[in-house]
Amino acid sequence: EDKVVQSPLSLVVHEGDTVTLNCSYEVTNFRSLLWYKQEKKAPTFLFMLTSSGIEKKSGRLSSILDKKELFSILNITATQTGDSAVYLCAVEAWGLNSGGSNYKLTFGKGTLLTVNP
Amino acid sequence: NAGVTQTPKFRILKIGQSMTLQCTQDMNHNYMYWYRQDPGMGLKLIYYSVGAGITDKGEVPNGYNVSRSTTEDFPLRLELAAPSQTSVYFCASKSRVENRGRREAFFGQGTRLTVV
């Protein structure tokens with residue numbers, strides 16, 4: 001069974017701090033790892049990572065994947081109160097089922113980040 | 001471009017009642033998914049589909065059924081609702097191929113279901 005484990009489960013910081021969120025996975029036939037941000041509604045896409053060692057960056061957020069260690073991190077620098085959310089990690093993996101071969105998306109439990117003023 | 005549309009947004013069911021959560025997408029995506037999210041938890045996969053006429057069980061399928069008669073629609077059926085099915089339900093769709101380095105799942109706005 002595919003597993004995605006995120007840590008920490010929750011984190012409280014002050015504005016301006018830098019945070020690192022972790023995601024480890026155990027899947028067969030890895031295809032990609034995705035990060036999402038979820039406020040009080042549907043998740044919104046942040047990054048998709050497929051190759052080791054290549055950093056994806058968007059403003060104060062960045063992420064990198066290590067396929068050898070089965071691990072990804074999401075960094076947020078100079079945090080703001082608007083960064084408060086649940087951050088979800090998901091892994092896309094190739095599998096076989098009644099439809100032939102296809103991709104299943106498995107999510108971790110998420111990290112609840114609270115940024116205080 | 002509407003994306004993924006879920007209805008209803010909220011629903012209260014009595015134990016033993018049944019209902020269908022509707023999900024439709026207009027992006028011609030092959031893959032569609034149903035997840036449930038309990039308070040403080042991540043998303044758990046209920047059922048998914050890789051195309052019209054094909055569905056498969058996810059992590060927590062018991063108590064649910066799905067169908068995929070068209071590419072656009074992927075309804076989730078709850079038979080004999082139980083309090084354990086109180087949750088927020090998300091439908092998502094995804095393309096099989098990358099587009100400018102992206103292949104993310106697009107989510108509907110969720111359905112908050114309470115079974116009493």
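This text follows the structure it describes.
Residues numbered from 1 in each chain as written. Chains lettered and ligands numbered in written order. Predicted model: local features only at pLDDT ≥ 70, side-chain atom pairs only at ≥ 80, totals over all residues. Heavy atoms only, no water.

Student: Just checking my understanding: could you explain the sheet that holds strand β6 (residues 56-58) of chain A for this structure?
Tutor: Paired through backbone hydrogen bonds, the strands of a sheet run either parallel or antiparallel to each other. Residue and element names in this part refer to chain A. With antiparallel pairing, five strands are arranged side by side in an open sheet as β1-β3-β8-β7-β6. Each edge of the sheet is formed by a strand with only one pairing partner; in this case those strands are β1 (3-7) and β6. Averaged over all adjacent pairs, the angle separating strand axes in this sheet is 15°, with direction ignored. As defined by bridge partners, strand β3 (residues 19-26) adjoins strand β8 (residues 71-76) across six bridges and the pair is classed as antiparallel. Pairing of S24 across the sheet is with F71, part of β8. (Pairing = 2+ DSSP bridges. Helix = DSSP H or I, 4+ residues; strand = E, 2+ residues; numbered from the N terminus. Axes fitted to C-alpha atoms, helices over the stretch in contact; angles between N-to-C directions.)

Student: Can you help me understand the pattern of salt bridges in this one?
Tutor: Two side chains with opposite charge may pair up if their charged atoms get near one another. For the coordinates displayed, the defined rule picks out five salt bridges over all chains. The salt bridge involving E92 of chain A is made with R31 of chain A; its shortest N-O contact spans 3.2 Å. Remark: R31 of chain A occurs in strand β4 (residues 30-38) and E92 of chain A occurs in strand β9 (residues 85-97); sequence separation between them is 61 residues. Judged by relative accessible area, which is 22%, R31 of chain A ranks as partly exposed. One network of salt bridges, with partners in common, ties together R31 and E92 of chain A together with K94 of chain B. (Salt bridge = Lys/Arg side-chain N within 4 Å of Asp/Glu carboxyl O. Buried < 20%, exposed > 50% of the residue type's maximum accessible area, 1.4 Å probe, protein only.)

Student: Sorry if this is basic, but what is going on with the interface of chain A and chain B here?
Tutor: How large an interface is tends to be reported as the accessible area lost when its parts come together. Each side of the interface is counted separately: chain A has 23 residues, and chain B has 26 residues. Taken together, both faces of the contact between chain A and chain B bury some 2,100 Å²; the carbon and sulfur share is 56%. At the boundary of chain A and chain B, one finds one salt bridge. Counting across the chain A and chain B interface gives five residue pairs in polar contact (both at pLDDT 80 or more). Secondary-structure elements contributing two or more residues to the side of chain A that touches chain B are β4, β5 (44-49), β9 and β10 (100-107) of chain A. Along the lines of polarity and charge, the residues of the side of chain A that touches chain B split into 10 nonpolar, seven polar and six charged. (Contact = heavy atoms within 4.5 Å. Buried area = accessible area lost by both parts, 1.4 Å probe. Polar contact = N/O pair within 3.5 Å; in protein donor to acceptor, adjacent residues only side chain to side chain. Nonpolar A, V, L, I, M, F, W, Y, C, P; charged D, E, K, R; others polar.)

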